[in-house]
Amino acid sequence: MLIRAGRGVHVCLGKDRKTQPWYDEKLDTAVQTEVDVVGAPVCSSIDILRKMILDRAPLTMGPHRHAEPAYALMTRLAVRNGFPNAREFSESRGLRWNDVERGICVEPVAAIAGIDADSLRKCTFISNGSYGTLQKETLHASHWHIRRNICCNACLQDDKINDPDMARYGSLRRSWWDLTSVHKCPIHKCDLESIIRDSPRLQWKTSHERKYSSGWDAYILGRLGFVDPAPSDLLDKLTLDAAAKFVAICGGALCYGKKHTFQLHKFLQLERVVCAGFSIAKSEKSFVEFLDVLWRSAEYPKRGWPTTSIYGNLSQQLQPFNGEELAIVREVVIQHAKLNVPLGPKRKLFGQLADGDRTFSGLRALGDKYSRPEQAARLAVALASHADTTILNADTSKSGFSADLVGNIKVTLSQSVYRDKIMEELGISMQTFKRLQKVGIFVPIVDTKRHKLQRELFHRNSAKDLIDQLCEGVPIINFVNKGETRLSSTVKFRRGNVVKVLTALKTGKIRPIGRLAEAVGFDAVILRSVDVTGITSKTRPPNTITISEAAEVLKISVMTVRKLSEARLIASTKVNGGQPKARVWFIERAVQDFGRRYVLASKLIDFLNCKNIDVTRVMRSRFGVERSFAPEVIRIAFFERNALALAGFPAAVYLL
């Protein structure tokens with residue numbers, strides 16, 4: 001048959017038109033009549049065909065079968081009625097293709113196809129945004145993918161054998177092929193294969209058979225009513241959406257580790273993860289066995305036994321702030337934790353009080369000390385007088401501590417402190433503390449090396465007992481006189497000799513002359529300077545003092561004393577042959593004489609009410625007193641005390 005298509009172009013439908021899917025004998029006769037009436041220049045053959053198709057009822061496919069969804073049915077109807085795609089066919093019938101895909105116009109589609117609407121609705125995923133319903137089950141939209149390029153080859157072969165006429169209009173798609181978590185056909189027990197679309201024929205890839213169980217496929221399709229149901233005492237208590245999430249959590253933990261980042265949609269698309277997760281979640285017994293495996297493999301946490309360190313991301317997903325859809329699973333985990341994990345009083349699990357008063361973990365038992373459970377166990381063994389060694393086994397961190405044992409350990413810990421506290425009370429550095437500990441002045445309450453304890457514990461009153469022992473029987477004084485020094489000054493300026501001084505004090509070789517009131521630590525212990533200098537160095541020349549002691553006598557800085565020594569204004573001597581690095585010793589009498597005769601200019605600032613740089617000028621202009629040493633000798637200004645007295649200065653000023 002020849003039809004004019006405009007501008008002299010003819011379209012030959014030919015005799016093979018009768019083999020086309022859209023061919024109809026009445027339509028063919030009507031087309032010929034319409035061509036004769038309308039004429040060639042008016043319209044093309046395609047326009048004529050579409051006009052004639054729209055003027056009659058669509059060709060149907062027979063009764064609804066094999067759980068075919070609405071959108072797949074419309075795709076085959078489009079081929080049956082001669083349309084290039086389902087979108088144009090839907091729009092020709094007054095339907096939006098997006099609404100057909102979302103399943104919100106099942107009744108119109110059923111009317112067009114001439115089938116039962118209830119049967120079509122049971123097989124169509126009806127989407128309402130993020131969620132949708134199928135067979136009265138609510139699922140997240142991510143569980144359903146209508147463009148999932150996958151099918152069952154065995155189902156397609158059966159369709160070709162059983163109904164070859166209908167098979168030529170396209171593959172009869174099953175609803176469960178669009179479920180992202182279904183990877184096997186529940187009817188033929190074979191893998192779903194990816195389709196290579198090459199219109200108008202359909203081909204499919206062949207792949208090796210995967211050795212995974214189809215238990216989850218049978219369960220989810222049983223819940224949806226497509227196959228016989230497979231009951232589960234745990235999953236049946238959850239919604240289908242929550243059950244899929246639970247299976248993905250368990251499968252991810254088994255395949256990638258309990259701490260792996262949980263990715264719901266990715267895990268559901270991996271057959272290995274889904275099958276592994278269903279093997280765990282299919283019953284409460286198998287799930288508890290999996291929790292036992294997680295508990296046995298749990299490593300020592302840094303702080304007690306939080307549920308995250310035991311159950312990983314499973315614990316995170318079961319938190320109340322993530323919703324109550326997995327509340328049934330959460331109760332199973334709580335009961336498992338109560339039976340296995342050491343829990344102290346008022347311990348909470350997922351926001352609920354666990355009422356665990358039988359045993360304690362390391363953190364709950366010992367507070368911030370020895371937070372690691374294995375450290376707490378070692379401490380309990382070290383405190384032999386308080387430890388019940390029959391309770392402490394090789395895995396004490398998981399079995400926990402009894403309440404009686406915890407009470408005994410707490411008593412000991414309440415009477416102990418770390419070395420930081422002792423250093424703070426005495427005002428000494430860590431280096432000084434280690435030196436004193438090395439000679440036995442401070443002794444820890446347990447042998448840390450033997451029991452491999454990370455931090456040492458000392459008696460709480462170690463610092464106070466040491467000061468009381470040093471100052472036993474000495475009077476209480478209110479100030480430090482000339483020729484006396486504090487023990488803290490000795491420790492500060494003679495770090496290498498602090499052990500000598502304290503050893504001499506403890507052995508009675510030297511004695512403190514008093515205990516300073518309202519002072520703590522080494523500041524309260526007052527010694528004679530002569531006693532200290534006699535102990536601290538064997539190379540000290542007689543009647544000499546160090547530069548630090550000279551600065552303390554003159555009440556000036558060490559730098560100023562060094563300037564005076566370089567200017568030869570204070571007599572000093574060197575040992576070790578006068579080498580450049582030899583130690584300088586100051587003649588004690590020369591230092592005292594210099595202090596009695598001269599006063600530093602900066603000490604007159606308050607009386608003169610001027611800046612330090614202006615002291616020399618003010619003294620010359622107002623009082624006629626010149627500095628004692630020329631700037632060429634030493635740049636620091638000093639004045640004679642006698643000159644200040646003659647100039648009328650108060651004694652309180654020039655005797656500073």
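Examining the overall build of the protein chain
Then step 1. Scanning the protein chain from terminus to terminus reveals 35 helices and 23 strands.
Then step 2. Put simply, of all contacts in the protein chain between residues at least 6 apart along the chain, 60% involve residues at least 24 apart.
Then step 3. Summed over all atoms, the accessible surface of the protein chain reaches about 34,600 Å², with 51% contributed by carbon and sulfur.

So, helix H33 (residues 615-623)
Then step 1. Every buried residue of H33 is listed here: Val615, Thr616, Val618 and Met619. Projected onto a plane normal to the axis of H33, the buried residues spread over an arc of 165° and lie on a single side.
Then step 2. Next to the buried residues of H33 lie helix H32 (605-608), strand E23 (638-640) and helix H34 (641-646).
Then step 3. Just downstream of H33 lies Gly624, where phi reads positive at about 70°.

So, the environment of Ala248
Then step 1. Tracing the sequence through the fold places Ala248 in helix H11 (residues 240-256).
Then step 2. Here Ala248 falls in the buried class, since its relative accessible area comes to 1%.
Then step 3. With 15 residues separating them in the primary sequence, Ala248 and Gln263 have C-alpha atoms 8.3 Å apart.

As for the nonpolar core
Then step 1. In this structure, Leu235, Phe246 and Phe287 are the most contacted members of the largest nonpolar core, which totals 91 residues.
Then step 2. No other element matches H11, which puts 10 residues into this core.
Then step 3. In contact with Leu235, not counting residues within four places along its chain, are Trp216, Tyr219, Arg223, Ala243, Phe246, Val247, Phe278, Ala281 and Lys282.
Then step 4. Val417, Ala463, Val498 and Phe522 belong to the second largest nonpolar core, which has 28 residues in total.

Topic: the sheet that holds strand E4 (residues 131-134)
Then step 1. Taken in spatial order, the 3 strands of this open sheet run E3-E4-E5, and their pairing is antiparallel. Lying at the two open borders of the sheet, with one neighbouring strand each, are strand E3 (126-127) and strand E5 (137-140).
Then step 2. Of the pairings in the sheet, the one linking E3 to E4 comprises 2 bridges and is antiparallel in character. The partner of Ser127 across the bridge, within E4, is Gly132.
Then step 3. Docked against the sheet, H11 engages E4 and E5, running at close to 45° with respect to E5.

Some details on the confidence of the model for the protein chain
Close inspection of predicted coordinates is inappropriate in any region flagged by low pLDDT.
Then step 1. Across the protein chain, the average pLDDT comes to 76, with 72% of residues at 70 or higher.
Then step 2. Predicted confidence is poor over residues 357-371, with pLDDT under 50, and the contacts of this stretch with residues over four places away or in other chains come to 62 contacts.

Remarks on the packing of aromatic side chains
Then step 1. Using the criterion set out here, one finds 18 aromatic pairs in the structure.
Then step 2. Arranged with centres 5.9 Å apart and planes meeting at 65°, the rings of Phe262 and Phe267 form a pair that is edge-to-face. Comparing Phe262 with Phe267 shows no difference in burial state: the two are buried.
Then step 3. Counting every residue linked through ring pairs, the aromatic cluster contains Phe594, Tyr598, Phe629 and Phe638.

Regarding unusual backbone geometry
Then step 1. Phi angles above zero are rare outside glycine, and Lys189 is one such case at about 60°.
Then step 2. With respect to the secondary-structure elements, Lys189 resides in the loop between helix H9 (164-167) and strand E7 (193-198).
Then step 3. Despite not being glycine, Glu518 shows a phi value in the positive range, around 55°.
Then step 4. Within the secondary structure, Glu518 sits in the loop between strand E17 (514-516) and strand E18 (525-528).

So, the sheet that holds strand E16 (residues 484-486)
Then step 1. One open sheet holds the 4 strands; their spatial order is E15-E17-E18-E16, and the pairing between them is mixed. Of all strands in the sheet, those with a lone pairing partner are strand E15 (476-477) and E16, marking the two edges.
Then step 2. Looking at chain direction, E17 and E18 are connected through 2 bridges and run antiparallel. Opposite Gly514, over in E18, you have Ile526 as the bridge partner.

Considering the environment of Ile613
Then step 1. Tracing the chain through its elements places Ile613 in the loop between H32 and H33.
Then step 2. Taking relative accessible area as the criterion, Ile613 reaches 72% and is therefore assigned exposed.
Then step 3. Measuring from C-alpha to C-alpha, the distance between Ile613 and Ser602 comes to 8.8 Å, with 11 residues separating the pair along the chain.

Here we look at the pattern of salt bridges
Then step 1. Applying the stated criterion to the full structure yields 16 salt bridges.
Then step 2. Close ionic contact of Asp614 with Arg617 constitutes a salt bridge, the shortest N to O distance being 3.9 Å.
Then step 3. We classify Asp614 as partly exposed; its relative accessible area is 23%.
Then step 4. One network of salt bridges, in which partners are shared, links Glu107, Asp118 and Arg121.

A look at the packing of helix H14 (residues 284-297) against helix H17 (residues 327-340)
Then step 1. It is at 11 Å that the axes of H14 and H17 come closest, and there the two elements cross at 50°. Relative to H17, H14 is oriented oblique. In terms of crossing hand, the pair formed by H14 and H17 is right-handed. Residues Glu284, Phe287, Val288, Leu291, Asp292 and Trp295 of H14 form the contact with H17, whose participating residues are Val329, Val332, Val333, His336 and Asn340.
Then step 2. Here the residues of the contact of H14 with H17 are counted per class, giving 7 nonpolar, 2 polar and 2 charged.

Concerning the side chain of Arg173
Then step 1. With respect to the helices and strands, the residue Arg173 is situated in the loop between H9 and E7.
Then step 2. Reaching out from Arg173, the side chain makes a polar contact with the side chain of Tyr71 at a distance of 3.2 Å.
Then step 3. In this structure, Arg173 is in contact with His66, Ala67, Glu68, Pro69, Tyr71, Ala72, Arg148, Ile150, Asp178 and Ile195, ignoring residues within four places of it in sequence.

Some words on the pairing of E18
Then step 1. As defined by bridge partners, E16 adjoins E18 across 3 bridges and the pair is classed as antiparallel. When the bridges of E18 are listed, Thr485 appears paired with Leu527.

Structural notes on helix H13 (residues 271-281)
Then step 1. A large share of H13 lies buried, amounting to 9 of its 11 residues.
Then step 2. Among all positions in H13, only Glu271, Val273, Val274, Cys275, Ala276, Gly277, Phe278, Ile280 and Ala281 are buried.

Conventions and cut-offs
- Residues numbered from 1 in each chain as written.
- Predicted model: local features only at pLDDT ≥ 70, side-chain atom pairs only at ≥ 80, totals over all residues.
- Heavy atoms only, no water.
- Helix = DSSP H or I, 4+ residues; strand = E, 2+ residues; numbered from the N terminus.
- Contact = heavy atoms within 4.5 Å.
- Areas by Shrake-Rupley, 256 points an atom, 1.4 Å probe, with all protein chains shown as cover.
- Buried < 20%, exposed > 50% of the residue type's maximum accessible area, 1.4 Å probe, protein only.
- Arc of directions from axis to C-beta.
- Core = buried A, V, L, I, M, F, W, Y, C linked by side-chain atoms within 4.5 Å.
- Pairing = 2+ DSSP bridges.
- Axes fitted to C-alpha atoms, helices over the stretch in contact; angles between N-to-C directions.
- pLDDT = per-residue confidence, 0-100.
- Phe/Tyr/Trp six-rings, centres within 6.5 Å; stacked < 30°, edge-to-face > 60°.
- Salt bridge = Lys/Arg side-chain N within 4 Å of Asp/Glu carboxyl O.
- Parallel < 35°, antiparallel > 145°, perpendicular 65-115°, else oblique.
- Left-handed = near helix turned anticlockwise from the far one by under 90°.
- Nonpolar A, V, L, I, M, F, W, Y, C, P; charged D, E, K, R; others polar.
- Polar contact = N/O pair within 3.5 Å; in protein donor to acceptor, adjacent residues only side chain to side chain.

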